[in-house]
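Here are the chains, one letter per residue:
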Amino acid sequence: MPTTIDNKFLIKKETVFVGILFFGMLIAYYSSLYPWPLWPLKGKVSILAAIILLAAFWIKPDSSKNVFTRTDFIAATLLYFTLELYQRLVGDSNIIGFASVVFHVFIFMTLFQLDKDILPKLMMFLTKFMAVIQVIALIGFFLFLLGFPLPSRDATFDNEFYFYTNYYFFLLDDRQMLVLFPRFQSYFVEPNYHGTACVLLLFYQCGRWKKWYNIVLLITSLLSFSLSAYVLLVVVLFLNSWRRGKHIFRQVLLSIIIIGSVVGASFVYNDGENLVHDLILLRLEVEDGELAGNDRITDNFKHDYEKFWKSDDILFGRERDKSEFGNQGYQVYIYENGLIGLFLLIIFYISATYKAPNKRSLISAWIMVILIFGVNGEITWNQIFIPIFCTAFSEPDSAERAEMDSKRKKKKLQAATT
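In this report, the structure presented in the accompanying data block is examined.

Procedures and definitions
- Residues numbered from 1 in each chain as written.
- Predicted model: local features only at pLDDT ≥ 70, side-chain atom pairs only at ≥ 80, totals over all residues.
- Heavy atoms only, no water.
- Helix = DSSP H or I, 4+ residues; strand = E, 2+ residues; numbered from the N terminus.
- Buried < 20%, exposed > 50% of the residue type's maximum accessible area, 1.4 Å probe, protein only.
- Contact = heavy atoms within 4.5 Å.
- Areas by Shrake-Rupley, 256 points an atom, 1.4 Å probe, with all protein chains shown as cover.
- Pairing = 2+ DSSP bridges.
- Axes fitted to C-alpha atoms, helices over the stretch in contact; angles between N-to-C directions.
- Patch = residues over 30% accessible without salt bridge, like charges linked within 9 Å, V, L, I, M, F, W, Y side chains within 5 Å.
- Salt bridge = Lys/Arg side-chain N within 4 Å of Asp/Glu carboxyl O.
- Phe/Tyr/Trp six-rings, centres within 6.5 Å; stacked < 30°, edge-to-face > 60°.
- Lys NZ or Arg CZ within 6 Å of the ring centre and 35° of its normal.
- Parallel < 35°, antiparallel > 145°, perpendicular 65-115°, else oblique.
- Left-handed = near helix turned anticlockwise from the far one by under 90°.

What follows is about the overall build of the protein chain. Each helix and strand counted, the protein chain has 15 helices and five strands in total. Relative to its 418 residues, the protein chain shows a buried fraction of 48%. Contacts in the protein chain between residues at least 24 apart in sequence constitute 70% of all its contacts with a sequence separation of at least 6. When the accessible surface of the protein chain is totalled, it reaches about 21,800 Å², and 65% of it is carbon and sulfur.

The structure is reproduced here in structure tokens:
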């Protein structure tokens, strides 16, 4: 009888341990997506995530030895620490910024130690949680479109750089107030952040897009009307087919038909006055040899960037005037961190992913890194790095196997308790 009680206690303790571990990674994941409920914490979200993960380490039972099995995490952790410290040094960070490096590094160290069989379960948890909150946000969004008087309040973010009407179920950028069908950004600061995050979660869910949670993420990413999310989504469709070893001719043909139909309809519907035409197609027009949608950097930054390559700052970077110069992208990253920063970033990504067993998954992950780096230089942000890292170490059907294993364990637990 005592043995039975002890076994039940161990099972419960392991369940609590995994729950706290996943919750800590969940908070870390959302720390760089900036959902409005976390705004009061400002830059302390990573500290909260690290404390939760530390609590998971503290209560870790002996029966959970299969969770932290990787012993090759030291090199990737040290390189990430070096990269973070370097970026703070050249970025003229304050003491708080330097102190935050410790918490960021602890989060990444925890991720690097996770057994590769745990990563699919973590990604399933992050995906389903995102889908659930998106369903709630979508309900509020469509009630708003139908004219229901939802409670709201004014909100600002990033020293009043952004102005919103917070409907609690979702945020609405004040620049979208008079638009018939505004861009959907859920609880997050920008539609681009939201759309890209959903696409990267879909990137991991290779071959499982018919599941309800992936359908929700697909819908919400489309409603973001984010050009970068749309482009990444098309790339993900092909990469996922290639990862599964399928012939992509059918996908190419189907994609051409769908994209052609959408483009044609956007020029006809409402005489071309619609979101697809205005926010996507017009930004794909070529003006003076460049895409019209390339609004990540200003003309002032382009001129200064050319001079930067001929200056002594090329190695360590130069401080950027955020009010005058670029926003995001590889050029901004190189400008701020120099060639040394770029070298450290590349070496870090290589050290974190080079032992991935499935080469197609690894190559696919690196393709996504390169594409995202083109428009968003901050590719170590958690909502970008975590799904790409997990995808690099995934097998094409690993998510499905993880769900099946989870169901089997639940059945065994139910049988053991009856």
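Once you've had a look at it, read on.
Time to look at the sheet that holds strand S3 (residues 171-173). Adjacent strands of a sheet pair through backbone hydrogen bonds, lying either parallel or antiparallel. Strand order in the open sheet formed by three strands is S1-S2-S3, with antiparallel pairing between adjacent strands. Looking at the sheet topology across the chains shown, the edges are occupied by strand S1 (153-157) and S3. Geometrically, the sheet is characterised by an average inter-axis angle of 35 degrees between neighbouring strands, direction not taken into account. Examined bridge by bridge, strand S2 (residues 162-166) and S3 share three bridges and lie antiparallel to one another. Paired with Asn166 across the bridge in S3 is Leu171.

Structurally, Ile372 can be placed in helix H13 (residues 359-375). Accessibility expressed as a relative area gives 3% for Ile372, which makes it buried. Filtering out sequence-adjacent residues up to four positions away, Ile372 remains in contact with Leu200, Leu232, Ile379, Ile384 and Ile388.

Now for a nonpolar patch on the surface. A surface patch of nonpolar side chains, about 510 Å² in accessible area, is lined by Val132, Val135, Ile136, Ile139, Phe169 and Trp212. The biggest single contributor to the nonpolar patch is helix H5 (residues 119-145), with four residues. Summarising the element assignment, Ile139 is placed in helix H5.

A word on the packing of aromatic side chains. Considering all chains together, one arrives at 45 aromatic pairs under this definition. Cluster of aromatic residues (ring-pair linked, three or more members): Tyr80, Phe108, Phe112, Phe348, Tyr349, Trp366, Phe385, Phe389 and Phe393. In this structure, Arg243 packs its charged tip against the face of Phe203, placed 5.5 Å from the ring centre.

Turning our attention to the pattern of salt bridges. Considering all chains together, one arrives at seven salt bridges under this definition. Salt-bridge contacts for Arg318 lead to Asp313; the nearest nitrogen and oxygen are separated by 2.8 Å. Asp313 gets classed as partly exposed once you look at its relative accessible area, which sits at 29%. Each member of the salt-bridge network shares a partner with another, and the members are Arg70, Asp72 and Lys355.

The subject of this paragraph is the packing of helix H11 (residues 299-308) against helix H12 (residues 330-353). It is at 11 Å that the axes of H11 and H12 come closest, and there the two elements cross at 50 degrees. Taken together, the axes of H11 and H12 are oblique relative to one another. Between H11 and H12 the crossing geometry is left-handed. Along the contact surface, H11 presents Phe301, Asp304, Tyr305 and Phe308, while H12 presents Tyr330, Gln331, Val332, Ile334, Tyr335 and Gly338.

Next up on the list: unusual backbone geometry. In this model, Tyr34 sits at a positive phi of 55 degrees, which is unusual for a non-glycine residue. Even without being a glycine, Phe225 presents a positive backbone phi close to 50 degrees. Structurally, Phe225 is set in the loop between helix H7 (212-223) and helix H8 (227-243). We classify Phe225 as buried; its relative accessible area is 9%.

The subject of this paragraph is the pairing of S2. In terms of burial, S2 is largely enclosed, as four of its five residues are buried. Taken together, the five bridges between S1 and S2 define a ladder with antiparallel strand orientation. In the strand pairing of S2, Arg153 is matched with Asn166. As consecutive antiparallel partners, S1 and S2 are separated by four residues, and within that stretch Asp158 has a phi angle of approximately 60 degrees, a positive value. Between S2 and S3, which follow one another and run antiparallel, lie four residues, and Tyr168 among them has a positive phi close to 70 degrees.

The next thing to look at is the environment of Leu223. Its place among the elements puts Leu223 in helix H7. Separated by 38 residues in sequence, Leu223 and Gln185 place their C-alpha atoms 8.1 Å apart. The contact partners of Leu223, leaving out residues within four places of it in the chain, are Leu138, Phe142, Phe181, Arg183 and Phe184.

All right, on to the environment of Val45 then. With respect to the helices, strands and loops of the structure, Val45 is situated in helix H2 (residues 45-59). In this structure Val45 comes out as buried when scored by relative accessible area, which is 3%. When residues no more than four places from it in sequence are discounted, the contact partners of Val45 are Ile27, Ser31 and Leu38.

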